Amino acid sequence: MTKSESKVITQLTELVDAVLEGDYKRVSINKEIEEVNDPELNDLTQKVLLLQKQYLESYEFILDLSQGKLNVSSPHDNSFTNPFKQLHSDLRHLTWQIKQIADGDYDQRVSFSGDFSYAFNKMILALRERQILAELNEENKQLFQSFFNTSPDGVIICDLNRKIELISITAKKMLQLTDEDVQEGLYLDDLIEDEYRKNIQTNFEKLTTGIPMVFEEIKVKKKDGTSTWNEPNASMLKDSKGNPKGFIIIFRDITRRKDNEQQLLKFADDLQESNSAKDVLFSIIAHDLKDPFNTLLGFSKLLLESVKSGKYEDVEFYFGLMNNSAERAYSLLINLLDWSMLQLGGISVNLEATDISELIRNNIMITNASAQDKKLEIIYDNDESYWVVTDKTILNTILRNLIYNAVKYTPEKGRIVLTVNSTPDFYYISVQDNGVGIKEENLTKLFKFNEFQTTLGTNNEKGTGLGLLLCKHFIDLLGGSITVKSIYQKGSTFTISLPNIPD
């Protein structure tokens, strides 16, 4: 590795660390990164610079939102800001709704988020009720009748015993009731699920004493026996002398909203779990990147001192250690780049005819140096070509990670065997080793993003578990699957399946 390439890797590492630490000032410093002779390193440079650009754009966009600047435009083609784009749109719409409400538009329905919307819509309903009651007090019966029959909410009028006297068209549809049901004598309490009935009865009793009540969200029974979530509100009706004579209840079916709230809560839990796992992943990667680079820096210094002093007997040894460290760092960076592309949705499947045997042999050759260091025997004695229509690059990445893992967790003089089998519908590729194996309780954790396994290799090689996670995501993209069988201290077999797609 040249000094220029080493410098570029150091600059990229510092920039990625700054992004991971959320250090805006460090990320915003534009340091010129020179172009080197390694095209893959140049490509990685462009990807990291794109990551820097998207981070700065998203930081400024989110900062504007936090300062109430709602007229700003969201960055294009920036997945970091995707979760905030909907918030941006919702806040602008909410601002418009508030202006409409201030102008007397009480038909607005705020659906911003959970308790906020609940409180806001309660306020809107209270304003509407005041308007309706004022019109009733003015004996504007025609206007009240129009509201009663056309309101999108259900409306029920009952006496002090909560016997229903009038029910709006909307309410009848919501509860599957008819005029005959009301005429036969129907009480409000009959419509409420048992677990909410006592509390509702208490609220109505307090309402008759003049104590204003806020009714909780309740479940009501429809005629067919099913239940729906409803948000009720009630007011006391008085006669011309000011004496209580009954209640008017306005209610809304919020079943869909309740379902959405549950989905949002689950999404929030999943998002928190995902973010926690990402924090762990980045912490592991930041730690594991230091080791190979420290080795490179340390032995390059020793190498330089040996050359200056004319002691060349250790040069080959130092170069070997430096090469192994560079390979580990490069492999980790490639996996990190692939994972980042997956998260950004930047990986697409390009199908082409691919010889599985050729890919296996190429990857055995690539890992041969590491295998020889541990005197491992890697066997693939199948001379047959297996042609499959798949994404060659993605399949190559999967095989590279599986073979590399087998080398890492197989002790000296161990054995790794690769096989390919086929059926009319699938190809099966297996990587079997007689290494350290996996404990049974850890098998279910291998492909889970929030449960990384950081077991050291047999020669204390470090790992993040990111390689297996990539294998799982990539094989899913190819329409296949990955399974593992393992006996602790005896070895493991990883098998991937690929659909046999006709040309």
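Here we summarise the structure given alongside this text. Everything numeric here is computed off the predicted structure, so don't read it as measured data.

1. Focus on the overall build of the protein
- Broken down by element type, the protein carries 16 helices and 12 strands.
- Across the 503 residues that make up the protein, the buried fraction comes to 42%.
- Sequence-distant contacts, at least 24 apart, represent 61% of the contacts inside the protein between residues at least 6 apart.
- A total accessible area of about 28,500 Å² is found for the protein, and carbon and sulfur atoms account for 51% of it.

2. With respect to the packing of aromatic side chains
- Overall, the coordinates contain 5 aromatic pairs when judged by the stated rule.
- For the cation-ring pair, K258 lies above W229, with the distance from its terminal atom to the ring centre recorded as 4.6 Å.

3. Focus: helix α12 (residues 356-366)
- Considered for burial, the residues of α12 that qualify are I356, S357, L359, I360, N363 and I364. What you see down the axis of α12 is that its buried residues fit within an arc of 160°, all on one side. Seen from the buried face of α12, the exposed residues on the opposite side, beyond 90 degrees, are M365 and I366.
- Between the side-chain oxygen of the N-cap and the backbone nitrogen of S357 there are 3.1 Å, and the N-cap of α12 in question is D355.

4. A word on the sheet that holds strand β12 (residues 491-499)
- Spatial strand order, β7-β9-β10-β12-β11: 5 strands in an open sheet with mixed pairing. Whereas interior strands pair on both sides, the edge strands pair on one side only; in this sheet they are β7 (377-379) and β11 (481-487). Taking the axes of each pair of neighbouring strands and ignoring which way they run, one obtains an average angle of 10° across the sheet.
- Note: β11 against β12, 7 bridges, orientation antiparallel. Within the sheet, the bridge partner assigned to T483 lies in β12 and is T495.
- With respect to the sheet, α12 is in contact with β7, β9 (415-422), β10 (426-433) and β12, its orientation differing from that of β9 by roughly 170°.

5. Considering the side chain of T228
- Locating T228 in the fold gives a position in strand β4 (residues 227-238).
- A polar contact of 3.0 Å, which involves the side chain of T228, links it to the side chain of N230.
- Once you skip the residues sitting within four places of it in the chain, T228 turns out to touch I218, K219, V220, K222, D253 and T255.

6. Digging into the sheet that holds strand β2 (residues 164-167)
- Here 5 strands make up an open sheet; going across it, the order is β2-β1-β5-β4-β3 and the pairing antiparallel. The sheet is open, and its two edges are formed by β2 and β3 (218-221), each paired on a single side. Mean inter-strand twist for the sheet, computed between neighbouring axes without regard to direction, equals 40°.
- In this structure, β4 lies alongside strand β5 (residues 244-253), joined through 9 bridges in antiparallel fashion. Opposite A234, over in β5, you have I249 as the bridge partner.

7. Some details on the packing of α12 against helix α14 (residues 392-408)
- At a minimum axis distance of 10 Å, the contact between α12 and α14 shows a crossing angle of 45°. Regarding the angle of α12 to α14, the classification is oblique. Considering how the two elements wind past one another, α12 and α14 form a crossing that is right-handed. Residues I356, L359, I360, N363 and I364 of α12 lie in contact with α14, whose contacting residues are K392, L395, N396, L399, R400 and I403.
- Split by residue class, the contact of α12 with α14 holds 7 nonpolar, 2 polar and 2 charged.

8. Points about unusual backbone geometry
- A positive phi angle is found at K413, which is not glycine, with a value near 65°.
- For K413, a relative accessible area of 66% puts it in the exposed group.
- Unusually for a residue other than glycine, Q489 sits at a positive phi of about 70°.

9. Description of the environment of I248
- Residue position: I248 is located in strand β5.
- Overall, the relative accessible area of 6% leaves I248 in the buried class.
- A sequence separation of 91 residues divides I248 from I157, and the C-alpha atoms of the two residues are 4.5 Å apart.

10. A word on the environment of I169
- Looking at the secondary structure, you find I169 in helix α7 (residues 169-175).
- In this structure I169 comes out as partly exposed when scored by relative accessible area, which is 39%.
- For the pair I169 and D153, spaced 16 residues apart in the sequence, the C-alpha separation amounts to 9.6 Å.
- Discounting residues that sit within four places of it in the chain, I169 has contacts with F148 and N149.

11. Regarding the pairing of β3
- Residues I218 and V220 line the buried face of β3, whereas the alternating positions K219 and K221 sit on a face that is not buried.
- Taken together, the 4 bridges between β3 and β4 define a ladder with antiparallel strand orientation. Residue K219 lies in a different strand from β4, and its bridge partner there is W229.
- Between β3 and β4, which pair antiparallel one after the other, the connecting turn spans 5 residues, and G225 there sits at a positive phi close to 95°.

Conventions and cut-offs
- Residues numbered from 1 in each chain as written.
- Predicted model: local features only at pLDDT ≥ 70, side-chain atom pairs only at ≥ 80, totals over all residues.
- Heavy atoms only, no water.
- Helix = DSSP H or I, 4+ residues; strand = E, 2+ residues; numbered from the N terminus.
- Buried < 20%, exposed > 50% of the residue type's maximum accessible area, 1.4 Å probe, protein only.
- Contact = heavy atoms within 4.5 Å.
- Areas by Shrake-Rupley, 256 points an atom, 1.4 Å probe, with all protein chains shown as cover.
- Phe/Tyr/Trp six-rings, centres within 6.5 Å; stacked < 30°, edge-to-face > 60°.
- Lys NZ or Arg CZ within 6 Å of the ring centre and 35° of its normal.
- Arc of directions from axis to C-beta.
- Polar contact = N/O pair within 3.5 Å; in protein donor to acceptor, adjacent residues only side chain to side chain.
- Pairing = 2+ DSSP bridges.
- Axes fitted to C-alpha atoms, helices over the stretch in contact; angles between N-to-C directions.
- Parallel < 35°, antiparallel > 145°, perpendicular 65-115°, else oblique.
- Left-handed = near helix turned anticlockwise from the far one by under 90°.
- Nonpolar A, V, L, I, M, F, W, Y, C, P; charged D, E, K, R; others polar.

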